[in-house]
Amino acid sequence: MGLAFAVASASAQTKLRAWNIHPDGYPVTEAMKSFADQVNKGTQGRYQIEVFSNATLGDQPKAVQMLKSGEIDLAEFSSGPLSDAVPGIKVLNLPFLFTDSAHMFRHLDGKLGERFAANLKGAGFVVLGWYDGGARSFYCAGRSPSNLRDLAGASIRVQQSEIFVEMVKLLDAKPVPLPFKEVMAGFEKGTIDCAENNMPSYEATGHYKLAKSVYVTNHVVSPEALVVSAALWGKLTEADRKVFQDAGVRSALLMRELWNKRVAQAQEATAKQGSQFVRVKDVSPFVRRMSPLYAKYMNDPTTREELLSIIADK
Ligand code: BDP
């Protein structure tokens, strides 16, 4: 009887659905797959995670809500759309806050990361790993910006996220919030002049084919997060939680390694295809334009403390 029960429960399988926006081969996708494999092994096949790539389950703001309500179990989100659901993490998208990924992970792999994770947990998102969202720059079709004034009046696609909308407004440009998968069509139809993203996304989406002028501003360096729903977390045993946590940490390390290689590859590949890169000479005019944003987050009690602790420890 005891044995029969043990056999029956050992073979009980739970299928989990993971949301992902990127295609196969992209560092996020590969890291998620390795996470799924490790969870599968660590739980002796009791948890089977299926990764739904290319945003087939819906766009990112929708997926954020789906995870919150437990409709999907896992996801990898960029901090822009996530911060609209969890105001305490908004500072992660402030322009020029982090100078590069190393600076960002110094904070995220320490106390501050724990605080952001606690904020997210309170809102229904359990962070299992911080992934690299890279450094974002502008790229345009039909104009070749070499200073901020060249962006004035441009229709610039942004993520469906408040802070990105505000940032573009402060550049005297027109923010056009669009789902990631609709950006290419925006360039094709001419409804947008520019977009902004990191180089791996610029390449993987094919945006480089139409938007050949990259203005290298690196204006936002921000993380992404591998998260599971609080609903799923509540159902896991302590031992299974440990398996998920270890797999999350390992997948984040893998992601970061794959990411660094991919950034270099994307730059090289797009340059070969004719993309032109103009590096920003001096970021201070850009930073000055952002001052209403800094003031807003400094005055906001939900973001002030995090912001100060990042600024105080450059
Ligand atoms: C990519 C992020 C992805 C975002 C996308 C965007 O990895 O999560 O959805 O940018 O700009 O870099 O929408």
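In short, a report on the structure. (Residues numbered from 1 in each chain as written. Predicted model: local features only at pLDDT ≥ 70, side-chain atom pairs only at ≥ 80, totals over all residues. Heavy atoms only, no water.)

**What to know about the overall build of the protein chain**
Phase 1 of the analysis: Scanning the protein chain from terminus to terminus reveals 14 helices and nine strands.
Phase 2 of the analysis: A compact globule built from 314 residues should have a C-alpha radius of gyration of about 20 Å, and the protein chain, at 20 Å, falls within 12% of that.
Phase 3 of the analysis: Each principal axis of the C-alpha atoms in the protein chain carries an extent, and together these give about 75 × 45 × 30 Å.
Phase 4 of the analysis: When each of the 314 residues of the protein chain is scored for burial, the buried share is 52%.
Phase 5 of the analysis: Here the analysis covers contacts within the protein chain between residues at least 6 apart in sequence; of these, 75% occur between residues at least 24 apart.
Phase 6 of the analysis: For the protein chain, the accessible surface area stands at approximately 13,700 Å², while carbon and sulfur atoms represent 54% of it.
Phase 7 of the analysis: Charge separation in the protein chain, taken as the distance between the mean sites of 37 positive and 33 negative side-chain charges, equals 1 Å. (Helix = DSSP H or I, 4+ residues; strand = E, 2+ residues; numbered from the N terminus. Rg over C-alpha atoms; globule rule 2.2 N^0.38 Å. Buried < 20%, exposed > 50% of the residue type's maximum accessible area, 1.4 Å probe, protein only. Contact = heavy atoms within 4.5 Å. Areas by Shrake-Rupley, 256 points an atom, 1.4 Å probe, with all protein chains shown as cover. Lys, Arg positive; Asp, Glu negative; His and termini not counted. Charge placed at Lys NZ, Arg CZ, Asp CG, Glu CD.)

**Structural notes on the nonpolar core**
Burial of nonpolar side chains together is a common tendency in soluble globular proteins.
Phase 1 of the analysis: Core analysis: the biggest nonpolar cluster contains 58 residues, and Trp19, Phe77, Phe125 and Leu151 have the highest contact counts within it.
Phase 2 of the analysis: For Phe125, the contacting residues outside a window of four places in its chain are Val64, Leu67, Lys68, Phe77, Leu82, Ala85, Val86, Ala117, Leu120, Val227 and Val228. (Core = buried A, V, L, I, M, F, W, Y, C linked by side-chain atoms within 4.5 Å.)

**What about the pairing of strand E3 (residues 74–78)?**
Phase 1 of the analysis: Most of E3 is tucked away: five of the five residues are buried.
Phase 2 of the analysis: Residues of E3 alternate between two faces, with Leu74, Glu76 and Ser78 on one and Ala75 and Phe77 on the opposite face, all of them buried.
Phase 3 of the analysis: Note that strand E1 (residues 14–19) and E3 share two bridges and pair parallel. Counted as the bridge partner of Trp19 is Ala75 from E3. (Pairing = 2+ DSSP bridges.)

**Side note on the site of the ligand**
Phase 1 of the analysis: Inspection of the region around the ligand gives Ile21, His22, Gln60, Ser78, Arg136, Arg157, Gln159, Phe180, Asn197, Asn198, Ser201 and Glu224 as its neighbouring residues.
Phase 2 of the analysis: Contact between the ligand and Asn197: an oxygen atom at 2.7 Å from a side-chain N or O atom of the residue.
Phase 3 of the analysis: Interatomic distance of 3.0 Å between a side-chain N/O atom of Asn198 and an oxygen atom of the ligand.
Phase 4 of the analysis: Contact with the protein chains covers 98% of the free accessible surface of the ligand, which is 320 Å². (Near = heavy atom within 4 Å. Polar contact = N/O pair within 3.5 Å; in protein donor to acceptor, adjacent residues only side chain to side chain.)

**So, the packing of helix H13 (residues 291–299) against helix H14 (residues 304–312)**
Phase 1 of the analysis: Orientation of H13 relative to H14, taken along the N-to-C sense of each, is 115°, at an axis distance of 7 Å. Taken together, the residues of H14 that come into contact with H13 (itself represented by Tyr294, Tyr297 and Met298) are Arg304, Leu307, Leu308 and Ile311.
Phase 2 of the analysis: In terms of residue class, the contact of H13 with H14 is built from six nonpolar, no polar and one charged. (Axes fitted to C-alpha atoms, helices over the stretch in contact; angles between N-to-C directions. Nonpolar A, V, L, I, M, F, W, Y, C, P; charged D, E, K, R; others polar.)

**As for the pairing of strand E4 (residues 125–140)**
Phase 1 of the analysis: Of all the 16 residues making up E4, 15 are buried; the element is thus mostly covered by neighbouring parts of the structure.
Phase 2 of the analysis: Where E4 meets strand E8 (residues 213–229), 12 bridges bridge the pair, whose relative direction is antiparallel. Pairing of Phe125 across the sheet is with Ser229, part of E8.
Phase 3 of the analysis: Judged from the four bridges that link them, E4 and strand E7 (residues 194–197) form a sheet pairing that is antiparallel.

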